[in-house]
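Residue-level structure breakdown
Each chain is listed here by its residues.
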Amino acid sequence: MAVRKIRELGDEILRKQCKEVPKMTLRTKMLIGDMLDTMYDAMGVGLAASQVGILKRIVTIDVGDGPIVLINPEVIETSGEQTGEEGCLSVPGKAGVVTRPSYAKVRALNENMEEIEVEGEGLLARALLHEIDHLDGKVYVDLVEGGLHDVKKEGEE
């Protein structure tokens with residue numbers, strides 16, 4: 001697999017609607033592998049296909065419990081509320097405070113094109129909703145309360 005270039009805020013592809021994936025192909029399997037490699041290389045918890053320049057409804061997520069691949073995901077339930085720091089691989093070095101539901105349930109297809117449901121609270125709920133927003137051309141900066149700020153790197157004061 002390969003690490004792909006992550007598109008950054010200002011790239012018009014991040015504002016475009018992604019298209020449904022009708023069937024699994026070798027190219028799509030390779031894309032998923034590349035997305036996982038890219039996400040891990042960038043030390044992110046999620047990545048949408050549009051962030052690597054491909055307008056397909058695919059996201060990869062790993063909040064520490066192993067990779068989750070979602071094809072054609074749709075949010076079917078949310079509840080509660082959480083407010084916290086959010087960042088994005090397409091907005092490097094920046095973060096902002098965003099309020100999102102604290103629980104999310106998503107229906108999608110896995111890599112075998114089998115229907116699955118993923119439920120998450122806290123960080124997983126935030127990641128699910130953040131990445132699915134990308135598929136609809138939405139970027140978290142639109143939801144930030146009080147503006148973006150610089151993220152300190154490890155070892156910085």
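So, here is what we can say about the structure in this document.

What counts, and where the lines are drawn
Residues numbered from 1 in each chain as written. Predicted model: local features only at pLDDT ≥ 70, side-chain atom pairs only at ≥ 80, totals over all residues. Heavy atoms only, no water. Helix = DSSP H or I, 4+ residues; strand = E, 2+ residues; numbered from the N terminus. Expected span 1.5 Å × (residues − 1). Buried < 20%, exposed > 50% of the residue type's maximum accessible area, 1.4 Å probe, protein only. Contact = heavy atoms within 4.5 Å. Pairing = 2+ DSSP bridges. Axes fitted to C-alpha atoms, helices over the stretch in contact; angles between N-to-C directions.

Looking now at helix 1 (residues 26–41). The α-helix advances 3.6 residues per turn, and as a result positions three or four apart in sequence lie on the same side. Over its 16 residues, helix 1 runs 22 Å from end to end, which matches the ideal 22 Å to within 8%, given 1.5 Å per residue. Those residues of helix 1 that sit buried are Thr 28, Leu 31, Ile 32, Gly 33, Asp 34, Met 35, Leu 36, Thr 38 and Met 39. Residues of helix 1 that are buried make contact with strand 1 (46–48), strand 2 (58–61) and strand 3 (68–79). Taken from the residues just after helix 1, Met 43 is the one with a positive phi, measuring 55°.

It is worth spelling out the sheet that holds strand 8 (residues 145–150) at this point. With antiparallel pairing, 3 strands are arranged side by side in an open sheet as 4-5-8. Single-partner strands in this sheet number two, and they are strand 4 (82–87) and strand 8. Here the average twist between neighbouring strands, direction ignored, is 30°. Against the sheet, helix 2 (residues 123–135) makes contact with strand 4 and strand 5 (94–100), and its axis sits at roughly 55° relative to strand 4, the strand it touches most.

The strand order 1-2-3-6-7 describes an open sheet built from 5 strands, whose pairing is antiparallel. Each edge of the sheet is formed by a strand with only one pairing partner; in this case those strands are strand 1 and strand 7 (115–121). For this sheet the average axis-to-axis angle between neighbouring strands, irrespective of direction, equals 35°. Pairing of strand 6 (residues 103–109) with strand 7 involves 7 bridges; the strand directions are antiparallel. Across the sheet, Arg 107 pairs through a bridge with Glu 117, a residue of strand 7. Those strands touched by helix 1 are strand 1, strand 2 and strand 3, and its axis lies near 35° from that of strand 2. Packed on one face of the sheet, helix 2 meets strand 1, strand 2, strand 3, strand 6 and strand 7 and runs near 125° to strand 7.

That is the geometry; function is a separate question.
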